[in-house]
Every structure is written in C-alpha cells, then in structure tokens.
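Architecture and fold: a report
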Amino acid sequence: MREASVSDKLFDTEWEFVRVERREHVVEVALNRPDARNALHGELMAELTEVAALLRLRTDVRAVILTGNERYFSAGADLSASQARAAAPSLIERRRAVMAGPDMCRAWHEIEAVTIAAIEGYCIGGGAALVIACDFRVMGEGAYLRLPEVPLGMNMSWRSIPKIAALVGPSRAKQFVMFGEAVDAAKCVEWGFADEAVEAGGALAAARRWADKVAALPPIPVRMTKEAVNAVTEATAHASIYMDRDQFLLATSSADYREGVAAFREKRSGKFTGE
C-alpha cells in the first residue's frame, strides 16, 4: 500500500515545471520551463528535489532518465532568482536559501536506481552540476557542458567539485571550473564527463538504450555496485566541500562578483581587483 501511495503522488501530481513519465521499470523526468530555457529557479529546483525524493527508494524503478528538450538541457541557475536570494534580510536566511541547488543535486545523487542524463544543446552552471550528480551522461552532437561561475566572480558550489574531480581528474577539473569554457560532447567523452556521444537529437534515444540495458540486469547487485562505487569515490567528499555555500556567500559579497555580473550583462571583459 505504501508503494502505491508513492506512485500516485509521483505520477498523478500535476507538476508545473517538470514532466514525469513511466515506461515499465524506467522513469523519465524532463525539465519543462521553456520560457526561461529551463533556468533553475526556486520552483523548478523544488519540483526536481521532490521528484527525486519520491524516486529514491522505489523498488519498482530500475533506471531514471533526466533530460531537457531537443534544443537545450538548462541555461543554469536563474541569475535573477540568485540576486533575489542575496537580498534576504539576514545572513542565516541567505545561508539557508543557497542550499536549494545542493539539496537538489544531493537528492538526485541519492536515488538508488541508476540515473542517466540525456543532454542536447547547452547545459550550463547548475544544469551541469545536476547532470554530474547522475550516474551516466549521454550527449548529442553539439551539446556542451559549461560552468560560468568563476569568470562571473563566484566559486563553483553545489558540492559538485568532488564529483567533477572524480570523473576527469584534478587538472581537467581545474580547467573546467576555472576557465568557464564550453566542453563539447566529444571532449566530454574523452575527458570522462560523458559516457556516449551520439548524433544531434539522439541523446534521449541513446539514454533509453542505456536504461533498458540497466533494467534487464538483476536489480539488487546493480544497486549494490552503485552504492559501493559511490562510497569509494566520495569517501572524503563532504570533508572537502562542506563549506562551499559559505564560500559562495563570501564570493558574492565581493566587488569582483558585481563586476563579473555587470560585464556579463554588458557583453564586455571584466576588470577584477580581488576586492
């Protein structure tokens, strides 16, 4: 009875910013905020977090596909929403508000079923952090990952740096995070960010093939393997990154952050002073 009630909420809820569909043992979740290029504002992140929580321990789901649409995955965290959070009246409230992104990524990381991200077009900032929280990534030709945070005067938070370093190693992790440059599908496969690159428009079909392959396996050892690999690669992750939200609050109080955002909006190079 308990699983049936969860099923009702997951599939019968009229989600505003995501679409949830089921195909036997596979669930597909699609970001659905096209008017803002799937930018991650509070409501979308809350729905993604709740969907992941409902999926977390389900025994009837063996694979979960996370996708955007045919043209893009996500434009990243909604900058206007981030600035609204920065205007919260107290530091402790701002500190809580900036946990929405990390909480969302953690919820997706904690799903016991295998998670597969299908990526077309751009996948930027918080969108990249979200797909990195999944087990596998499949990218269409022309798709790319990019983190613009550091060039904007922010640190890369959302507790994603340990996962990035585990996937691509320390030098490439530094390149990816520091420079804010796009890493295309072919290079993502070469570096270890992505598991397969396919023709443009084919990412979802490829992710479905991955999901079907997973769903055909014995589910208990699959879950054990996922848990064991994650435990090995993340043994020190929390100790290394637990303060990244406080680093974010510090970075976004700087003059360099204000200059970075202004330069981005004015389409010019920033002039940074370390202040």
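As a starting point, this report considers the structure included with it. None of these values were measured; they are calculated from a predicted model.

1. Brief notes about the sheet that holds strand E9 (residues 183-184)
- The four strands are arranged E4-E6-E8-E9 in an open sheet whose pairing can be described as mixed. A strand with exactly one partner marks an edge of an open sheet, and here the two such strands are strand E4 (72-74) and E9.
- Examined bridge by bridge, strand E6 (residues 122-124) and strand E8 (residues 144-146) share three bridges and lie parallel to one another. Bridging from a neighbouring strand, cysteine 123 pairs with leucine 145 of E8.

2. Concerning the pairing of strand E2 (residues 26-31)
- In terms of burial, E2 is a largely internal element, six of the six residues being buried.
- Here E2 shows two buried faces, one formed by Val26, Glu28 and Ala30 and the other by Val27, Val29 and Leu31.
- Judged from the six bridges that link them, strand E1 (residues 18-23) and E2 form a sheet pairing that is antiparallel. Of the residues in E2, the one forming a bridge with arginine 19 is alanine 30.
- Hairpin connection, E1 to E2: the antiparallel pair is bridged by two residues, and glutamate 24 has positive phi, about 55°.
- Pairing geometry for E2 and strand E3 (residues 63-67), over five bridges, is parallel.

3. Some details on unusual backbone geometry
- Of note in the backbone geometry, tryptophan 158 takes a positive phi value of approximately 60° without being a glycine.
- Structurally, tryptophan 158 can be placed in the loop between E8 and helix H7 (161-168).

Calculation criteria
- Here the residue numbering is sequential within each chain, running from 1 through the sequence in written order.
- Owing to the predicted nature of the model, reporting of local features is limited to residues with pLDDT of at least 70; listing and counting of side-chain atom pairs is limited to 80 or more, with chain, interface and lining totals taken over all residues.
- Side-chain metrics in this entry use all non-hydrogen atoms of the structure; hydrogen atoms and water are not considered.
- Strands are treated as partners if at least two bridges between them are detected by DSSP.
- Helix and strand definitions here come from DSSP, where helices need a minimum of 4 consecutive H or I residues and strands a minimum of 2 consecutive E residues; each element is numbered from the N-terminal end.
- Note on exposure labels: buried denotes an accessible area under 20% of the residue type's maximum, exposed denotes more than 50%, and partly exposed covers the range between, all computed with a 1.4 Å probe on protein chains only.

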